[in-house]
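Overview (structure and organization)
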Amino acid sequence: MKKGYLGIDIGSISTKGVILDEQNKIINSLYIWTEGNPIKAVKTLLHQMKNSMSSDIEIYGIGTTGSARKLIGLMVDANVVKNEITAHAIGTTHFYPDVRTILEIGGQDSKMIVLKDGLIEDYAMNTLCAAGTGSFLSSQAKRLGVEIEDFGTLALKSKNPVKIAARCTVFAESDLIHKAQVGYKKEDIIAGLCKSVVLNYLNNVGKGKKIMSPIVFQGGVSKNKGVEKYFKEVLNEDIIVDTNSHLMGAIGIAILSHKYEDGKKRTLDVADIAFETQGRECEKCSNHCEILRIYKDSKFIESWGSKCGKVS
Amino acid sequence: MDKIKIGIPRALHYYYYGDMWRSFLEELGYEVVISPKTTREILENGCKCANDEMCLSLKLYLGHIHYLVGKCDAILVPRIDNYGTYNQTCTNFLGLYDIVANLFKIPLLTYNVDETHKETEMKAFIKLGMLLGKGKEQSKIAYFNSVQKVEKEKKKKRKLELEKLSSSKKKLLVMSHPYNFEDAFIGKEIKNTIENLGAISINANALIESNKNDYFEFSSSLYWKYNKDLVGILPFIKDRVDGVLFLSTFPCGPDSLVNELLMRKIKMPYLNLIIDEESGSAGMETRLESFIDILEQKKVR
């Protein structure tokens, strides 16, 4: 029997799963869409991973990260629950110990991590607005009638990217409609969007930071060839995009679950567990907190959201 | 006859002058009614009164006024313009009286502070006392007594905040207007989150000393008084904390310029959080958690 460690990264757009062996090498990985239902996505993920996994592997650690980390952590009985930024930094330094700058654009947030000798030195993250992130690109792709997977390749065809304001999705959208109506080619508009994401990132997240190579670009948006190209062009530096760049969070959290292994064997058979959540607005005081109650097999296990801590 | 009740909204400049107003008005023999700590209901009522360009902090203010209507005889809404050249307040503070007078039908008490036109704070308070039918001398004494009392309180608060600096936990300096960070609804959650993550927050506002101000290290041309006061503490505090949290509400004009400037010059880890009406706290938690994680890792070196 071999020991395995599972990392699950549940993002706003996609859900990623990775199983590492004791040497932190990937034995299995999967990438699926979250589609607004993290519980269902993780059930599907675990089901598929279990079917494709060789039967001599036993899971001794589960880590969860990403925006649904808390919820899924409870569901799968995780031994580590950590935010995605830390997870990403750990994943990347595992593969690129010399990395100096990590550029990362995810579905709802973007961040920059500056490292020295494998340790984080500085860091920046976008504010709570999702401008210039993956969800911005996917909503624009929908508007243009293009699959998000083809976005980057189309952008590479363009020779004259149009200028688009990317500070705000609403302004970008009116820019985009205008450019389309006056007759610009679709690929030029798409290239313009990719470039605007880069400029927006460097202006918002990268302000005042020295970007030193080696530079690693990751997160879902790193799969977009157009954005990668414009990062190279604007920074005039080589950019590393790992083949597993979209899995770095899951890898990082799997490494952490290995590190903090508690000796307890875990199962991937959560597909049959009835895991339900129930949201309601508390009426006990004028704060009207949104309380989320979580049930496992119809048994209440935890609740979140109460500001006073007295209500569950 | 019952005492006249004067309402004070627990928002905006309550966090600068609340104690002063209370002490002054009580000394002159009035009953002071302070609106309760912010709740979601107060925020929602404030948003209903507000227009779309007002900042969240002003919306909160209007929510507190809304609460006070019918619970007091008059509400104190001062108009504070400046404390001298290059000591301007934000336009909201300047327009506050007119905004409230237009939105609510309730008697308002007001005073003007406009030092570039020789309207000092002391003069303003004496005028306010006289407006309430009290004598000039009596008002002046009430003012000075209140100033003394408030200064004592401030010193105490400052000392407590400075004591936190000796903690072995990670220290986050929160650069924020007190009406945001000290507010029970928007700021308290952030403070709690920081504490639950095993770090502590240092309230920059509590450290301000009016006679000490070294903002020149960052810019020689700042002119918003409240921002300038905050910037002024940075030189002496920044090496004693692990990171800086810039916390502002959307859309704050002065913060958007001053904080931007600081982020480019401060050369230490910082996090910028801008809060709006959203009720989900996941984004904020992720940012704070990762920021504190990073500070923890940095310390290991």
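Residues numbered from 1 in each chain as written. Chains lettered and ligands numbered in written order. Predicted model: local features only at pLDDT ≥ 70, side-chain atom pairs only at ≥ 80, totals over all residues. Heavy atoms only, no water.

Some words on the nonpolar core
To be explicit about the condition: In this text, buried Ala, Val, Leu, Ile, Met, Phe, Trp, Tyr and Cys residues form a nonpolar core when linked through side-chain atoms within 4.5 Å. Burial status follows relative accessibility: with a 1.4 Å probe on protein chains alone, a residue under 20% of its type maximum counts as buried, one over 50% as exposed, and anything between as partly exposed. The helix count covers DSSP runs of H or I at least four residues long, the strand count covers runs of E at least two residues long, and both are numbered beginning at the N terminus.
Within the largest apolar cluster, 52 residues are counted, with the highest numbers of intra-cluster contacts made by Y61(B) and Y111(B). The element contributing the most residues to this core is helix α1 (residues 14–27) of chain B, with 8 residues. By size, the runner-up hydrophobic cluster in this structure holds 35 residues, among which are A124(A), A172(A), I189(A) and F217(A).

Some remarks on the environment of I266(B)
All names here are of chain B. The line we're drawing: Contact criterion: two residues are considered in contact whenever any of their non-hydrogen atoms come within 4.5 Å of each other.
Here I266 lies in the loop between α10 (253–265) and β10 (270–275). It is 26 Å that separates the C-alpha atoms of I266 and E189, two residues lying 77 residues apart in sequence. Apart from residues lying up to four places away in sequence, I266 is in contact with F218, L234, K238, V244 and F246.

Observations concerning the domain arrangement of chain B
Where the parts come together, the accessible area they lose is often given as the size of the interface. Residue and element names in this part refer to chain B. Rules: Residue ranges assigned to the domains are those given by an automatic or database domain assignment. What counts as buried area is the accessible surface, traced by a 1.4 Å probe, that two parts surrender upon association, with contributions from both included. The term salt bridge refers to a pairing of a side-chain nitrogen on Lys or Arg with a carboxyl oxygen on Asp or Glu at a separation within 4 Å. Under the rule applied, a polar contact is a pair of N or O atoms within 3.5 Å (in protein, one hydrogen donor and one hydrogen acceptor; residues adjacent in sequence only if both atoms are side-chain atoms).
The assigned domain composition of chain B is domain 1 (5–152) and domain 2 (167–300). Taking only C-alpha atoms into account, the centre of domain 1 sits 26 Å from that of domain 2. Counting residues at the interface gives 26 residues for domain 1 and 24 residues for domain 2. Here domain 1 and domain 2 share an interface that buries about 2200 Å² over both sides, 64% of which is from carbon and sulfur atoms. Of all residues in domain 1, the largest losses of buried area upon contact with domain 2 belong to Y15, Y16 and L56, amounting jointly to 29% of the total for that side. Counting every contact that joins domain 1 to domain 2 gives 0 salt bridges. Between the two partners, domain 1 and domain 2, sit 8 residue pairs in polar contact (both at pLDDT 80 or more).

With respect to the interface of chain A and chain B
Opposite the 27 residues of chain A that make contact, chain B presents 29 residues. Across the chain A/chain B interface, buried area totals approximately 2800 Å², and carbon plus sulfur atoms make up 49% of it. At the junction of chain A with chain B, the criterion picks out 2 salt bridges. In this structure, E289(B) and R69(A) form a salt bridge, with 3.2 Å as the shortest nitrogen-oxygen distance. Counting across the interface, chain A meets chain B through 6 residue pairs in polar contact (both at pLDDT 80 or more).

Let's talk about the pattern of salt bridges
Residue and element names in this part refer to chain A. Scanning the model with the defined rule gives 24 salt bridges over all chains in all. A salt bridge links D269 to K50; the nearest nitrogen and oxygen atoms lie 2.8 Å apart. Highlighted residues: D269 in the loop between α9 (248–259) and β11 (275–281) and K50 in helix α1 (residues 38–52), separated in sequence by 219 residues. Close ionic contact of E84 with R69 constitutes a salt bridge, the shortest N to O distance being 3.4 Å. Of this pair, E84 sits in helix α3 (residues 84–95) while R69 sits in helix α2 (residues 69–76), placing them 15 residues apart in sequence. For R69, a relative accessible area of 7% translates into the label buried. Among the ionic contacts, a cluster of salt bridges with common partners joins D77, D262, K264 and R266.

A few points about the pairing of strand β9 (residues 243–249) of chain B
Residues and elements named next belong to chain B. Note the cut-off: For two strands to be treated as a pair, DSSP must find at least two bridges joining them. A clockwise path from the first strand over the helix to the second, with the strands pointing away from the viewer, defines a right-handed crossover.
Across the 7 residues that make up β9, a large majority, 7, are buried. Residue alternation in β9 divides its side chains into two sets, G243, L245, L247 and T249 and V244, F246 and S248, and both sets are buried. Across 6 bridges, β9 lies against β10 in parallel orientation. Each bridged residue has a counterpart across the sheet, and for V244 the counterpart in β10 is Y270. For the crossover that starts at β9, traverses α10 and ends in the parallel β10, the hand is right-handed.

Points about a negative patch on the surface
The following threshold applies: Patch building starts from residues that exceed 30% relative accessible area and form no salt bridge, then joins like charges within 9 Å and nonpolar side chains (Val, Leu, Ile, Met, Phe, Trp, Tyr) within 5 Å. In these tables, accessible area is a Shrake-Rupley quantity obtained with a 1.4 Å probe, and a residue counts as shielded only by the protein chains included in the view. Only four residue types enter the charge count: Lys and Arg as positive, Asp and Glu as negative, with His and the chain ends excluded. Here the site of a charge means NZ on Lys, CZ on Arg, CG on Asp, or CD on Glu.
On the surface, a cluster of negative charge is contributed by E281(A), E283(A), E290(A), E41(B) and E44(B). With respect to the element layout, E290(A) can be found in strand β12 (residues 290–296). The partly exposed category is assigned to E290(A), whose relative accessible area is 46%.

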